[in-house]
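# Structural characterization, general
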Amino acid sequence: MTAILVVNSGSSSFKYQLIDMETEGVLASGLVERIGEASGHARHTAGTGESARDLPIPDHTAGFDVMLEAFAEHGPSLQDAGLVAVGHRVVHGGKRFFEPTVVTELVKINIQDLAELAPLHNPANLQGIVAAEKAFPEVPHVAVFDTAFHRTLPPAAYSYAIDAALAEQYRVRRYGFHGTSHKFVSEAAAAFLGRPLGELRQIVLHLGNGASACAVDGGASVETSMGMTPLQGLVMGTRSGDVDPAVLFHLHRKAGLGFEQLDTLLNRGSGLLGLSGRGDMRDVVEAAASGDEAAQLALDVYLHRIKDYVGSYHAQLGGADVIVFTAGVGENSAVVRAGALAGLEALGIEIDPARNEASSHEARVISTDASRVTVLVVPTNEELEIARQALAVVGG
Ligand code: ADP
């Protein structure tokens, strides 16, 4: 057997999956959360059994010990699984990391250095790597970067029209995120359709708590909605997406908000939450359906913004062959899918209501047979993509 452990580490939690690379099936998965709080929580699922524990987990290293205990107690055995590498999700690779990379001391220094571009994410990803190295000293650790798939963005797409020297000095440009998902989903869409990836112009809509759109031309990312950070672009659960940057100057001058407060406002207190008081799309859809005006506006702004990007990417790609919905909202909300693409018949987009509303966890077509653009729902699987990339690096 050959297995890869995939770790996605946040500042106070991490998720993991042990993947059998021969079948690409999940052998075990789990979550360690509330690290550093008075009481932490750990959950481990293996086969059909699930176990959970509440106990203080002071840091990530202790968290990995708890995970190892869960494997020892509830299986599967990591030795028997043939663990060959640990794959880590790292949010920001900057201009330095475009390929999955075996972690060395220098790589860790570089990931830390990129924290100034992703202060919420890279330090947390690095904590996970350091702790996982202690737990698994004998196997290689591979970092897979969320920005990597967007290496192919042309300069016209990634450059902001600001002072060029300043931008260069401070690494200000568009990097794009959710790359692991956009790559996986665009490849899965081509495979599902039985068409060569190289021939397809795709618009991928990754709509989760974070949300981004990506124009994928022949398998390469050519435009994406997130920018230097994951704040730009679509409306998200708690992030604003696009706003006029002068809004910040105005709120600073007139409302007296400092830069930390503005950062928090746009990243954590905006989006669906800011507009409606609800950050979860399920609650927003439900409240809107029962007549809540703020929730309706939040949904309308969310859908309006998606439509903006779909139109824009049609133009950038010179037409689209495929539009793909993925992630929590994209895979599950027929209301959002229908609303986002309503009225786009002129672009050759026609949703079939019955196909759209049928619930399924499989890749599927939701457009009509007559629709010029094929609209799909394709479940994302970032963990599997990270595992595949990690395996490729360690020579699997
Ligand atoms: P993350 O970005 O954290 O990985 P996910 O891709 O899991 O997030 O997406 C989480 C989001 O998906 C939540 O906002 C949740 O409300 C939304 N979601 C899940 N199921 C549905 C549904 N049936 N209808 C609308 N939204 C849903």
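The structure contained in this document is the topic of the report that follows. Starting afresh in each chain, residues are numbered from 1 along the sequence in its written order. Since the coordinates come from a predicted model, pLDDT governs what is reported: local features require at least 70, and pairs of side-chain atoms require 80 or more to be given and counted, while whole-chain, interface and lining totals use all residues. Hydrogens and waters are ignored; side-chain quantities use all the structure's heavy atoms.

### A closer look at the pairing of strand E6 (residues 83-90)
Burial classes: relative accessible area under 20% of the type maximum marks a residue as buried, over 50% as exposed, and values in between as partly exposed (1.4 Å probe, protein chains only). Only DSSP runs of H or I covering at least 4 residues are called helices, and only runs of E covering at least 2 are called strands; the numbering of each starts at the N terminus. By the criterion of burial, E6 is predominantly enclosed, with seven of the eight residues buried. Think of it this way: DSSP has to see at least two bridges between two strands before they count as a pair. The pairing of strand E1 (residues 3-9) with E6 spans five bridges and is classified as parallel. Bridging across to E6, Leu-5 finds its partner in Val-86. Direction of pairing for E6 relative to strand E8 (residues 141-145): parallel, over a ladder of five bridges. Its bridge partner lying in E8, Arg-89 is registered against Val-144.

### Some words on the packing of aromatic side chains
Pairing of aromatic rings covers Phe, Tyr and Trp, the last through its six-membered ring, and needs centres within 6.5 Å; plane angles under 30 degrees mean stacked, over 60 mean edge-to-face, and all others mean tilted. One pass over the full model with this rule turns up five aromatic pairs. Between Phe-14 and Tyr-16, the ring centres sit 6.3 Å apart and the planes meet at 45°, which makes this aromatic pair tilted. By relative accessible area, Tyr-16 is classed as buried at 4%. Relative to Tyr-313, the ring of Tyr-309 lies with its centre 5.7 Å away and its plane at 80°, an arrangement referred to as edge-to-face. One end of the pair, Tyr-309, and the other, Tyr-313, are both in helix H12 (residues 293-317), four residues apart, so they sit about a helical turn from each other. Comparing Tyr-309 with Tyr-313 shows no difference in burial state: the two are buried. In this scheme, Lys NZ or Arg CZ marks a charge over a ring once it lies within 6 Å of the ring centre and within 35 degrees of the ring normal. Here Arg-173 stacks its cationic end above the ring of Tyr-158, 3.7 Å away from the centre of that ring.

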